[in-house]
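# Secondary and tertiary structure notes
The primary structure of each chain is shown beneath.
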Amino acid sequence: MIRAVRAKFLTSSPSIKEAPSFGLSEIVFLGRSNVGKSSLINALTNNNSLAKSSSTPGKTQLINFFEVGLKDEDEQFDIIFVDLPGFGYAKVAKSLHYEWKRNLDEFLKLRSTIRLFVHLIDSRHFDLDIDINVREYLKSFLRPDQRMLSLYTKADKLNQSERAALMKFDPNGILVSTLNKKGVDDALNKIVKESLGL
């Protein structure tokens, strides 16, 4: 079982031009502004103060980089977690919003070190157009050396029939809850295996 043994914040960048190269495989986390991205990154890394969550949806407008040290039995290795600004909520001026979207678009399409896109979806609203559009958008430029993974957050809020409906919609979906930590270890192992081809 792979587990995180250390994690640290590296830097924030407004666009790909300012983002340094770390020479490591990168895992990008993206999702709607209130999907629980920061909480999940903290749960995956066993570090509650790593990713700061804002009470204002759409507040984060920078690309945040974290170095995560992982251990699998005797082997240790590092990867980069990339926390992207949430989409769908930001109350920003139109000109800034356009620039921000363009910067994110360039980063996602041109950053050569990205190995995996982790698309976070609120498990209570799993079939929203905005998430379906994001999935199609990612598929449109996915390289052969890249993978995509859907994680469904806030799974503790589902009853049995809601859970069954979600699994029918996406049989490969991974359900996670940062509240009771269910699915978090499975998610981390899947993320590492998909991104590093283990």
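Residues numbered from 1 in each chain as written. Predicted model: local features only at pLDDT ≥ 70, side-chain atom pairs only at ≥ 80, totals over all residues. Heavy atoms only, no water.

The name given to the chain in an unreviewed UniProt entry is Probable GTP-binding protein EngB, with the source organism recorded as Campylobacter mucosalis CCUG 21559. As recorded by UniProt, the Sequence similarities (unreviewed entry) comment attached to the chain reads in full: "Belongs to the TRAFAC class TrmE-Era-EngA-EngB-Septin-like GTPase superfamily. EngB GTPase family." UniProt, in the comment section headed Function (unreviewed entry), describes the chain in these words: "Necessary for normal cell division and for the maintenance of normal septation." (UniProt positions renumbered as here; feature names shortened; annotations may be inferred.)

## So, the pairing of strand β3 (residues 63-72)
The side chains of a regular strand alternate between both faces of the sheet. The buried fraction of β3 amounts to eight of the ten residues, a majority that puts the element mostly inside the structure. Once β3 ends, the chain turns through two residues before running back antiparallel as strand β4 (residues 75-83), passing Glu73 with a positive phi of about 55°. (Buried < 20%, exposed > 50% of the residue type's maximum accessible area, 1.4 Å probe, protein only. Helix = DSSP H or I, 4+ residues; strand = E, 2+ residues; numbered from the N terminus. Pairing = 2+ DSSP bridges.)

## A closer look at the pairing of strand β5 (residues 114-122)
Burial analysis of β5 places eight of its nine residues in the buried class, the great majority of the element. Examined bridge by bridge, strand β2 (residues 26-31) and β5 share six bridges and lie parallel to one another. Bridge pairing in β5 places Glu26 opposite Ile114. When β5 meets strand β6 (residues 147-153), the two strands line up parallel, connected through seven bridges. Bridged to His119 within β6 is Ser150. On the question of chirality, the crossover connecting β5 to the parallel β6 by way of helix α3 (residues 129-139) is right-handed. (Right-handed = clockwise from strand over helix to strand, strands pointing away.)

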